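# A look at the structure
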Amino acid sequence: QLQLVESGGGLVQPGGSLRLSCAASGFTLDYYAIGWFRQAPGKEREGVSCISSKGGSTKYADSVKGRFTASRDNAENTMYLQMNSLKPEDTGVYFCAALSYCSGYVQYWGLGTQVTVSS
């Protein structure tokens, strides 16, 4: 069964940090770009970051630049999103996705993990 599973979400105070993980099973992520998306209540899903298949190129939404860092460990078939200096507006369900390339279509979606930033 091909699937992506996110983990690492939770409740954190403003200014805090979380590290999300995205593990793949049933297929290798080596040849895919990995995107992170989020969806806040009542809002559309938005792109947060994307890292190329070899990890040589990473893109971020303006709203998270300088605070979030995407990385990948192809040997472990796992991707990460380090989130620092979290703000209440970062609250939402975070999804990882496998794409053929960063501006391409999503081929596989994860189920999502909830991130709540609140005091």
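Coordinates for the structure precede this section.
The present account deals with the structure reproduced in this document. (Residues numbered from 1 in each chain as written. Predicted model: local features only at pLDDT ≥ 70, side-chain atom pairs only at ≥ 80, totals over all residues. Heavy atoms only, no water.)

### Structural notes on the pattern of salt bridges
- Tallying each qualifying case throughout the model produces four salt bridges.
- A salt bridge links Arg38 to Asp90, with the nearest nitrogen and oxygen atoms 2.9 Å apart. With Arg38 in strand E4 (residues 33-39) and Asp90 in the loop between strand E8 (78-83) and strand E9 (92-99), the pair connects residues that are 52 residues apart, well separated along the chain. Asp90 matches Arg38 in its accessibility class, with the two residues each being buried.
- Across the pair Lys65 and Asp62 runs a salt bridge, and its minimum N-O distance is 3.1 Å.
- Taken together, the salt bridges that share partners define one network made up of Arg38, Glu46, Arg67 and Asp90. (Salt bridge = Lys/Arg side-chain N within 4 Å of Asp/Glu carboxyl O. Helix = DSSP H or I, 4+ residues; strand = E, 2+ residues; numbered from the N terminus. Buried < 20%, exposed > 50% of the residue type's maximum accessible area, 1.4 Å probe, protein only.)

### Description of the packing of aromatic side chains
- This structure, assessed with the given rule, holds five aromatic pairs.
- Look at Phe27 and Tyr32: their rings are 5.6 Å apart centre to centre, the planes differ by 85°, and that puts the pair in the edge-to-face class.
- Aromatic pair Tyr32 and Tyr108: ring centres 5.9 Å apart, planes at 75°, arrangement edge-to-face. Of the two residues, Tyr32 sits in the loop between strand E3 (18-25) and E4 while Tyr108 sits in strand E10 (residues 106-109), which places them 76 residues apart along the sequence. (Phe/Tyr/Trp six-rings, centres within 6.5 Å; stacked < 30°, edge-to-face > 60°.)

### Points about the state of the cysteines
- Scanning the entire structure with this criterion turns up two disulfides.
- The partner cysteine of Cys22 in its disulfide is Cys96, sulfur to sulfur 2.1 Å. As the torsion about the S-S bond is roughly 70°, the Cys22-Cys96 disulfide counts as right-handed. Residue Cys22 is located in strand E3, and its partner Cys96 is located in strand E9; the two are separated by 74 residues in the primary sequence.
- Take Cys22: its relative accessible area is 0%, and that puts it in the buried class.
- Across a sulfur-sulfur distance of 2.1 Å, Cys50 and Cys102 are joined as a disulfide pair. (Disulfide = S-S within 2.5 Å.)

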